[in-house]
Structures are given as structure tokens and as C-alpha cells.
Amino acid sequence: MAGATLEFDNAAVLGAIRAAADALANPDLLLRDMGEHLMIVHQQRFAAQQSPDGTPWLPLSPAYLKRKKKNKNKILQPDGYLANTLRYQLSGAELLFGSNRIYAAIQHFGGQIDMPARSQDAYFKQDRSGRVGNQFVSKRKSNFAQRVTIGNYTITIPARPWLGTSAQDDEDLLQIGNRYLANAISAGGA
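Residues numbered from 1 in each chain as written. Predicted model: local features only at pLDDT ≥ 70, side-chain atom pairs only at ≥ 80, totals over all residues. Heavy atoms only, no water.

## So, the overall build of the protein
Link 1 in the chain: Looking only at helices and strands, the protein features six helices and six strands.
Link 2 in the chain: The order of helices and strands in the protein, counted from the N terminus, is α-α-α-α-β-β-α-β-β-β-β-α.
Link 3 in the chain: For the protein, the spread of C-alpha atoms along the three principal axes comes to 120 × 30 × 25 Å.
Link 4 in the chain: When burial is assessed residue by residue, the protein has 26% of its 190 residues classed as buried.
Link 5 in the chain: Partitioning the intrachain contacts of the protein with sequence separation of at least 6 by distance along the chain shows that 64% fall at a separation of at least 24. (Helix = DSSP H or I, 4+ residues; strand = E, 2+ residues; numbered from the N terminus. Buried < 20%, exposed > 50% of the residue type's maximum accessible area, 1.4 Å probe, protein only. Contact = heavy atoms within 4.5 Å.)

Now the structure itself:
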């Protein structure tokens, strides 16, 4: 256009770009928000007893269910330790999420545990007639002990994936990231 001049002040644009770059250079707040979101998602997953893709966890074996005393209707939660040890940790510009429990991996991926043969004392209660009961009791309550040997055996634990994200979780995490950058840009461009 002849005779027309347009002057463009890009200070606001450059400020917004710098703010976004600064926010990405130090993403601690973003990663903390994502870590908190993962905590909520995984607690909900334990309550629903399902894998990240929504598949219900395999049920407990009848033999285990028979001897399980607490939380009989809860899978992966005899005492709630696995669900209660979920943590996130920031390491530089990295978010780590999981559990520090040794058994967390085998519960997630499944596998076999080889139990070696062992001998131990089994404690029973003997009545006055000399009849020995058929249920184990604590050493303190027993008046009859017997040495028993248990042969080696294998325990098979089915995979019950509990760690990970679903497509919806990924979308939610992306939205958290988008909001974080949008807030940084709007603050830097003001």
C-alpha cells in the first residue's frame, strides 16, 4: 500500500515467549500438578480395581481369598500398603511416579515366586484328653508343638496392571501442560 506505514511493537510478544521459555526451563510447578493428578488417578484406579485401560483386575484365587482376613473384597490391598505408598518425585526436569514396595512390580507384571523348602514348628492346642486340635494357634497359646517340613513350591501371581495412564489420563495431563503454558504466556505478555 503506497503511503501507509505500520509500526509493530513486539515487546509483548517477546515477553510472552520469554515467559513460556522460563516456565519450561523450570517446570517444577507443572510437574507437581501432574504428579498430584497421577496420585488422584491411581487412587481412583485402586478403588475401582482396574488397570489403566479400564480392564478389571483378575480376581483373587479361591485359596487366597479363603485365608485373607482383611479387605476381602479388595484386590492388591491386603492392608492397603501398595496403594498408600504411591509417590511422585521430581528429578531435574523429570517426573518419577510409582511405589517403593519391592512387590509392586510383580503385582503389576505378574510372575512366579519360587519358595524354597523349609522346616518350622507348628503350634496347636491340646485338650485334657490328649486330642490335638486341627487349627494352628500362636506359640503363646499353644501347649503342643510339632516340627513340620514344607516342600518347595511355586506361587503364580497374575498380572494386575495398576501403574500407567489411560488415553483420558494422557489428555488430562496435556491439558495441565497447556494451562501451565497459557498462564505463563499471559503473565509474560501483560
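Picking up where we left off.
## A look at the nonpolar core
Link 1 in the chain: In terms of nonpolar packing, the biggest core is built from 21 residues, with Met 34, Phe 46, Trp 57, Leu 76, Leu 86 and Trp 162 touching the most fellow members.
Link 2 in the chain: Broken down by secondary-structure element, the contributors of at least two residues to this core are helix 2 (28-48), helix 4 (81-84) and helix 6 (167-189).
Link 3 in the chain: For this core, the element with the most residues is helix 2, which contributes six residues.
Link 4 in the chain: Excluding its chain neighbours within four sequence positions, the residues that come into contact with Leu 76 are Phe 46, Trp 57, Leu 82, Gln 107, Arg 160 and Trp 162. (Core = buried A, V, L, I, M, F, W, Y, C linked by side-chain atoms within 4.5 Å.)

## Side note on helix 1 (residues 11-25)
Link 1 in the chain: Here helix 1 spans 21 Å end to end across 15 residues, near enough to the 21 Å set by a 1.5 Å rise per residue.
Link 2 in the chain: Within helix 1, the full set of buried residues consists of Gly 15, Ala 16, Ala 19, Ala 20 and Ala 23. One side of helix 1 holds all its buried residues, which, seen down the axis, span an arc of 135°. Residues of helix 1 that are exposed and angled more than 90 degrees away from the buried face: Ile 17, Arg 18, Asp 22 and Ala 25. (Expected span 1.5 Å × (residues − 1). Arc of directions from axis to C-beta.)

## Looking at the side chain of Gln 77
Link 1 in the chain: In this fold, Gln 77 is placed in the loop between helix 3 (62-67) and helix 4.
Link 2 in the chain: Polar side-chain contacts of Gln 77 include one of 3.3 Å to the backbone oxygen of Phe 46.
Link 3 in the chain: For Gln 77, the residues in contact, after removing those within four places along its chain, are Phe 46, Lys 68, Asn 71 and Ala 83. (Polar contact = N/O pair within 3.5 Å; in protein donor to acceptor, adjacent residues only side chain to side chain.)

## Section: the layout of surface pockets
Link 1 in the chain: Space inside the largest pocket adds up to approximately 610 Å³.
Link 2 in the chain: Every residue lining the largest pocket is counted, 24 residues in all, and those nearest its centre are Tyr 64, Gln 107, Ile 155, Ile 157 and Arg 160.
Link 3 in the chain: Split by residue class, the lining of the largest pocket holds 14 nonpolar, five polar and five charged. (1 Å grid on protein atoms, 1.4 Å probe; cavity = no way out; pocket = protein on both sides within 12 Å on 5 of 7 lines; lining within 4 Å. Points joined across faces, edges and corners; volume = space filled by probe spheres on them. Nonpolar A, V, L, I, M, F, W, Y, C, P; charged D, E, K, R; others polar.)

## Let's talk about the pairing of strand 2 (residues 94-99)
Link 1 in the chain: The pairing of strand 1 (residues 86-91) with strand 2 spans six bridges and is classified as antiparallel. Each bridged residue has a counterpart across the sheet, and for Tyr 88 the counterpart in strand 2 is Phe 97.
Link 2 in the chain: Where strand 1 folds back onto strand 2 in an antiparallel hairpin, the turn is made up of two residues, including Gly 92, whose phi is positive at roughly 65°. (Pairing = 2+ DSSP bridges.)

## As for the pattern of salt bridges
Link 1 in the chain: For the structure shown, the criterion picks out three salt bridges.
Link 2 in the chain: Residues Arg 131 and Asp 127 are paired through a salt bridge, measuring 3.6 Å at the closest nitrogen-oxygen approach.
Link 3 in the chain: By relative accessible area, which is 55% here, Arg 131 ends up exposed.
Link 4 in the chain: For Asp 127, a relative accessible area of 33% corresponds to the partly exposed category. (Salt bridge = Lys/Arg side-chain N within 4 Å of Asp/Glu carboxyl O.)

## Comments concerning unusual backbone geometry
Link 1 in the chain: Phi angles above zero are rare outside glycine, and Asn 71 is one such case at about 50°.
Link 2 in the chain: Examined against the element boundaries, Asn 71 turns out to sit in the loop between helix 3 and helix 4.
Link 3 in the chain: A positive phi is found at Leu 76, a non-glycine position, where the angle reads about 65°.
Link 4 in the chain: Here Leu 76 shows up in the loop between helix 3 and helix 4.

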